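Structural description and commentary
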Amino acid sequence: MRHVKDIFGGDLRQFGMLIALIILIVFFHFMTGGKVIDPLNMMNIINGNAYILILAVGMVLVIIAGNIDLSVGSVAAFAGIVVAIAMRDYGVPWWGGILLCLLVGALVGAWQGFWVAYVGIPAFIVTLAGMLIFRGANQFVGNSTSVPVPAQIQYLGGGYLPEVGPNTGYNNLTLVLGLLVIVALVAGELLQRRSRNRTQAPNPPLWVSAVKLVLLAAIIWGATYLFATGRPGTSFPVPGLILVAMVLLYWFISSRTVFGRHVYAFGGNRQAAALSGVNTKFVNFLVMMNMSVLAALAGLIFIGRSTASGPADGNMWELDAIAAVFIGGAAVSGGVGTVIGALIGGLVMAVLNNGLQLLGVGADATQMIKGLVLLLAVAFDVWNKTQGKPSITGLLFRSKPTSEHSTASVPVAEEATEPSKANA
């Protein structure tokens, strides 16, 4: 077991949630008679939850910084109605609508970030006010009616990769996308090993890297085959492509940039971060602004999938995004969390919701089960830490003492976030 953490990226909590996700998929697949691992159902899961997962990507940075954003659903709805009206009534082209949507999100985020970072009002209060303000603004601007969006925006929110090249019986672009992801993973692993050798940092054995790459490649190719073999006219969803791009971008920002390290430092200890030279107000401002930009993007994808913007858009989205982040391993106190963890947590909630629907469980019971899953996942993790024990999956990897390891339980440092590993 000494190399298990290296194989799975060294983050035990994310590994534990990944196991939970796999168990959920397998459980519901058998309970529903094979309906879960079906190309059409998997496409529906991606299409139906991409906007929530994009919100979770932004929300994890907010929570790492020690804040919370309750306004994301209302901001998404407001940006959506503004764009829909601009395209319908003022002749704004579809690409201009996309830019306008992101601009609206940036302006709203700057407004809220100003009150949080420079005035000093807690984010909870500012975004609670924002939830009310922009929900009302959505209904005021749109006159509480639905406004349709053009076909290009509909494709952005519910389309699929097109068919190109020879007729192979598969969607060729989906196959190419899967191969590119696998090649990128292999290249990234090789570059990381070369960088460690150059800096004389410890490198896991070559077989560990090989096993990790084989497992990841098998999962990616399995998903690629699934999406490439759906009914004619379907393939990997366009919202999923946007989601993948956002996850890769924000994983890089949070774990490989100075700004990302400043966010973790700010959330871990604001006073220490300020004393070390971090511009804490600017970091706080950018985190809140970024969240509203991603909320606007999520709103754009949603109105594309639903073909129109309406007064009920964005209702309760903030709670789903926050739940995804905490299930993915973020800490309530800030300073802990990862983009990949938030993605896995969001997928857990998405699969749970989808599986319960396929089993015919009512909406009332589904909400109660999702609430209990959130509460138990966080409570069990908190309880283990208060008892001086490793969190959730740390229990699975308690090793026998050796000359290099003491008999103490797994310390918090072993579950460090990506930036702290990089700084170690």
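Residues numbered from 1 in each chain as written. Predicted model: local features only at pLDDT ≥ 70, side-chain atom pairs only at ≥ 80, totals over all residues. Heavy atoms only, no water.

Quick word on the overall build of the protein
- Helices and strands together make up the secondary structure of the protein, namely 17 helices and two strands.
- The buried share among the 424 residues of the protein stands at 49%.
- For the protein, the share of sequence-separated contacts (at least 6 apart) that also reach a separation of at least 24 residues comes to 76%.
- On the protein, roughly 20,200 Å² of surface is accessible, and the fraction owed to carbon and sulfur atoms is 69%. (Helix = DSSP H or I, 4+ residues; strand = E, 2+ residues; numbered from the N terminus. Buried < 20%, exposed > 50% of the residue type's maximum accessible area, 1.4 Å probe, protein only. Contact = heavy atoms within 4.5 Å. Areas by Shrake-Rupley, 256 points an atom, 1.4 Å probe, with all protein chains shown as cover.)

Notes on a nonpolar patch on the surface
- On the surface, Phe114, Tyr118, Val119 and Phe282 cluster together into a nonpolar patch covering about 360 Å² of accessible area.
- At three residues, the largest contribution of residues to the nonpolar patch is made by helix H5 (residues 94–119). (Patch = residues over 30% accessible without salt bridge, like charges linked within 9 Å, V, L, I, M, F, W, Y side chains within 5 Å. Salt bridge = Lys/Arg side-chain N within 4 Å of Asp/Glu carboxyl O.)

So, the confidence of the model for the protein
- Per-residue pLDDT for the protein has a mean of 85; in total, 86% of the residues score no lower than 70.
- A low-confidence stretch, residues 389–424 stays under pLDDT 50, and its non-local contacts, those more than four residues away or across chains, total 58 contacts. (pLDDT = per-residue confidence, 0-100.)

Looking at the packing of helix H10 (residues 238–256) against helix H13 (residues 280–306)
- Two elements in contact, H10 and H13, have axes separated by 11 Å at closest approach and are oriented at 165°. Classified by the angle between their axes, H10 and H13 sit roughly antiparallel to one another. The way H10 lies across H13 gives a crossing that is left-handed. In this structure, H10 uses Pro239, Ile242, Met246 and Tyr250 to contact H13, whose residues at the interface are Asn290, Leu294, Leu297 and Ile301. (Axes fitted to C-alpha atoms, helices over the stretch in contact; angles between N-to-C directions. Parallel < 35°, antiparallel > 145°, perpendicular 65-115°, else oblique. Left-handed = near helix turned anticlockwise from the far one by under 90°.)

Considerations on the layout of surface pockets
- Here the second largest pocket is characterised by a volume of approximately 600 Å³.
- Of all the secondary-structure elements, those providing two or more residues to the lining of the second largest pocket are helix H3 (39–64), helix H14 (317–327), helix H15 (339–358) and helix H16 (363–386).
- By residue number, the principal contributor to the lining of the second largest pocket is H16, which donates six residues.
- In the lining of the second largest pocket, the residues fall into 12 nonpolar, nine polar and two charged. (1 Å grid on protein atoms, 1.4 Å probe; cavity = no way out; pocket = protein on both sides within 12 Å on 5 of 7 lines; lining within 4 Å. Points joined across faces, edges and corners; volume = space filled by probe spheres on them. Nonpolar A, V, L, I, M, F, W, Y, C, P; charged D, E, K, R; others polar.)

Describing H14
- For H14, a buried count of nine out of 11 residues is recorded, marking the element as mostly surrounded by other parts of the structure.
- Those residues of H14 not exposed but buried are Trp317, Glu318, Ala321, Ile322, Ala323, Ala324, Val325, Phe326 and Ile327.
- Gly329 occupies a position one or two residues after H14 and carries a positive phi of about 110°.

Here's the deal with the side chain of Asp313
- Topologically, Asp313 is positioned in the loop between strand S2 (308–309) and H14.
- Here Asp313 occupies a buried position and makes no salt bridge, while the nearest side chain of opposite charge, Arg135, is found at 6.8 Å.
- Excluding anything up to four places from it in sequence, Asp313 contacts Gly73, Ala77, Arg135, Phe302, Ile303 and Ala308. (Lys, Arg positive; Asp, Glu negative; His and termini not counted.)

Some points on the nonpolar core
- Among the nonpolar cores identified, the biggest contains 73 residues, and Leu55, Met59, Ile63, Ile242, Leu294 and Val325 are the most heavily contacted of them.
- If you look at the next biggest cluster of nonpolar residues, it comprises 14 residues, including Leu21, Leu24, Ile25 and Val36. (Core = buried A, V, L, I, M, F, W, Y, C linked by side-chain atoms within 4.5 Å.)

Some words on the environment of Met31
- Counting through the fold element by element, Met31 comes out in helix H2 (residues 12–31).
- Considering only alpha carbons, one finds Met31 and Leu359, 328 residues apart in sequence, at a separation of 7.6 Å.

Here we look at the packing of aromatic side chains
- Scanning all chains against the criterion turns up 11 aromatic pairs.
- On the numbers, 5.1 Å between centres and 70° between planes, the contact of Tyr51 with Phe302 is edge-to-face. Placement of Tyr51 in helix H3 and of Phe302 in helix H13 is noted, with a sequence separation of 251 residues between them.
- In this structure Tyr51 comes out as buried when scored by relative accessible area, which is 11%.
- Summarising the aromatic geometry, the rings of Tyr170 and Tyr225 are spaced 6.0 Å apart at their centres and angled 55° between planes, so their arrangement reads as tilted. Residue Tyr170 is located in the loop between helix H7 (151–158) and helix H8 (172–198), and its partner Tyr225 is located in helix H9 (residues 206–228); the two are separated by 55 residues in the primary sequence.
- Ring pairing ties together the aromatic residues Trp111, Phe114, Trp115, Tyr118 and Phe285, which thus form one cluster. (Phe/Tyr/Trp six-rings, centres within 6.5 Å; stacked < 30°, edge-to-face > 60°.)

Details of the environment of Thr338
- With respect to the secondary-structure elements, Thr338 resides in the loop between H14 and H15.
- In the structure, Thr338 is positioned 88 residues away from Tyr250 in sequence and 9.5 Å away in space, judged by C-alpha atoms.
- A polar contact is formed between the side chain of Thr338 and the backbone nitrogen of Gly341, at a distance of 3.0 Å. (Polar contact = N/O pair within 3.5 Å; in protein donor to acceptor, adjacent residues only side chain to side chain.)

Here we look at H3
- Taking 1.5 Å per residue as the helical rise, H3 with its 26 residues ought to reach 38 Å, and the 35 Å between its terminal C-alpha atoms agrees with that figure.
- Along H3, the largest kink reaches about 55° and is centred on Asn49.
- For H3, the capping residue at the N-terminal end is Asp38, with a side-chain oxygen 3.1 Å from the backbone nitrogen of Leu40.
- Gly66 sits one or two positions beyond H3 and adopts a positive phi of about 85°. (Expected span 1.5 Å × (residues − 1). Bend = angle between axes of the 7 residues up to and from the residue.)

Some words on the pattern of salt bridges
- One pass over the structure, following the stated rule, counts three salt bridges.
- A salt bridge links Lys212 to Glu189; its shortest N-O distance comes to 3.1 Å. Of this pair, Lys212 sits in helix H9 while Glu189 sits in helix H8; the two residues are 23 residues apart in sequence, bridging distant segments of the chain.
- The class of Lys212 is buried, set by a relative accessible area of 16%.
- Where Lys370 meets Asp320, a salt bridge forms, and the shortest distance between an N and an O atom there is 3.9 Å. One end of the pair, Lys370, is in helix H16; the other, Asp320, is in helix H14, and 50 residues separate them in sequence.
- Taking the relative accessible area as the measure of exposure, Lys370 reaches 11% and is therefore buried.
- Residue classification places Asp320 among the partly exposed positions, given a relative accessible area of 30%.

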